[in-house]
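# Secondary and tertiary structure notes
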Protein chains: 2
Amino acid sequence: MYPVITISREFGSGGHSIGEAVAKQLNIPFYDGEIVNRVAIESGYAKELIETQGEYTSSTAMWFDISAAGTMYFQSPQDEIFIAQKKVILECAKKGPCVIVGRCADYILRKEGIRCMNVMIHADMEHRKKRVLERYENIENVSIEKRLAKKDKQRKTYYKYYTDKNWGDFREYDVILDSGSLGEAMCVKTICQLAENFPE
Amino acid sequence: MYPVITISREFGSGGHSIGEAVAKQLNIPFYDGEIVNRVAIESGYAKELIETQGEYTSSTAMWFDISAAGTMYFQSPQDEIFIAQKKVILECAKKGPCVIVGRCADYILRKEGIRCMNVMIHADMEHRKKRVLERYENIENVSIEKRLAKKDKQRKTYYKYYTDKNWGDFREYDVILDSGSLGEAMCVKTICQLAENFPE
């Protein structure tokens, strides 16, 4: 049986499309951040928050909360959203093999001891710029590099905040591929083959 | 045509054996540190130094030298060895596709614009300990972790010193594989397949 496949990726590296193609080829469900959020809303988890807040960590919005045990602690809206997403990710993974893109799924599943294959996709700036330009017509060429760097920073911060690990540290992944040099098709083929042969 | 394949690896991850198996399967030459040194000695490059000095950087042994242009500069024996190894690596790579393990070959070839596929192999401490114990009978179990950590540190320092880049940074590699979770055979298969399909 295939493992659950998690995909972390640099923005513009094609990791999302690669994940979709892998799911299609292996005929297993695909979940990205949008789908995870939709399921979380449908389940009633942090519904209003997810509808109004973004994906990333904020250091400003914090509030008091009282846990079931009566301990007072701080929790930000983003923490609430993370907890809701985590619940959905675990529910999806427990149903069987699937592909999950982003949302610290690699960390969440490993910590719960769920059999998973953690993949990371990256590419050099030139490939990422080219890819983003092809897909988002209204983006200005001059600002792309800044936007890519900002997205990378957001993902790193988000990952560090919720996992206390460094995003992109090779120790966290079973396979890391450069979609720029290898091409997206070979990334898809490689991931599928490794999933098909992943030890039980 | 296959690219030149460079393999960086954590000590005990099986990267050396994987490299040998890839070279055998693709029927191309294999070079590791020992072979690079032997060729350097045969070529007369830094012969005495290579025969007496180790692989790693030293901050103590430095001497004055005068370049052909008459400029005086400092150069350590390790720098001399590195330059000799670099010459050999470039000569080997220019002959055609091959596998080169270690010695910053990834950095050296990329900098010279030589078509190469840079691979990194790692594994978790348990797998590495197990592998080292199986291969080196006289090693004490208790000291293995320390020795592995020391080897990692030496390689990182060596890489940083000669490339000014961080060893293990995903941006430097086309593919990074966890030989512990994926198994050595799948690593060999994956590398061969990626090399066979590496863009011209």
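This text goes with the structure placed above it.
Quick look at the structure, then. (Residues numbered from 1 in each chain as written. Chains lettered and ligands numbered in written order. Predicted model: local features only at pLDDT ≥ 70, side-chain atom pairs only at ≥ 80, totals over all residues. Heavy atoms only, no water.)

## Describing the overall build of chain A
If you tally the helices and strands in chain A, you get 9 helices and 7 strands. Taken across its 200 residues, chain A has 53% of its residues classed as buried. Taking the intrachain contacts of chain A between residues at least 6 apart in sequence as the baseline, contacts between residues at least 24 apart amount to 69%. (Helix = DSSP H or I, 4+ residues; strand = E, 2+ residues; numbered from the N terminus. Buried < 20%, exposed > 50% of the residue type's maximum accessible area, 1.4 Å probe, protein only. Contact = heavy atoms within 4.5 Å.)

## Brief notes about unusual backbone geometry
All names here are of chain A. Despite not being glycine, Asn27 shows a phi value in the positive range, around 60 degrees. Counting through the fold element by element, Asn27 comes out in the loop between α1 (15–26) and β2 (30–31). Of note in the backbone geometry, Asp164 takes a positive phi value of approximately 60 degrees without being a glycine. The residue Asp164 is located in the loop between α7 (141–163) and β7 (175–178) in this model.

## Focus: the relation of the copies chain A and chain B
In screw terms, the move from chain A to chain B is a rotation of 180 degrees and a rise of 0.0 Å along the axis, fitting with an RMSD of 0.0 Å. These values place the two chain copies in the arrangement generated by a two-fold rotation axis. Considering only C-alpha atoms, the part of chain A nearest the rotation axis is Ile176 of chain A, at 2.4 Å. (Least-squares fit on C-alpha atoms with pLDDT ≥ 70 in both.)

## Side note on the interface of chain A and chain B
Counting from both sides, the interface comprises 25 residues of chain A and, opposite them, 25 residues of chain B. Of the roughly 2,200 Å² buried at the junction of chain A and chain B (both faces included), carbon and sulfur atoms supply 59%. For the pair chain A and chain B, the interface holds 10 residue pairs in polar contact (both at pLDDT 80 or more). Elements that contribute at least two residues to the side of chain A that touches chain B include exactly β6 (116–122), β7, α8 (179–182) and α9 (184–196) of chain A. If one sorts the elements of the side of chain A that touches chain B by residue count, α9 of chain A sits on top with 5 residues. Tallied by class, the residues present in the side of chain A that touches chain B amount to 13 nonpolar, 6 polar and 6 charged. In terms of strand pairing, β7 of chain A meets strand β7 (residues 175–178) of chain B through 3 bridges, oriented antiparallel. (Buried area = accessible area lost by both parts, 1.4 Å probe. Polar contact = N/O pair within 3.5 Å; in protein donor to acceptor, adjacent residues only side chain to side chain. Nonpolar A, V, L, I, M, F, W, Y, C, P; charged D, E, K, R; others polar. Pairing = 2+ DSSP bridges.)

## As for the pairing of β7 of chain A
Where a strand is regular, its side chains alternate between the two sheet faces. Residue and element names in this part refer to chain A. A two-sided burial pattern is seen for β7, the buried positions comprising Val175 and Leu177 on one face and Ile176 and Asp178 on the other. Relative to β7, β6 runs parallel, the two being bridged by 4 bridges. Each bridged residue has a counterpart across the sheet, and for Met120 the counterpart in β7 is Ile176.

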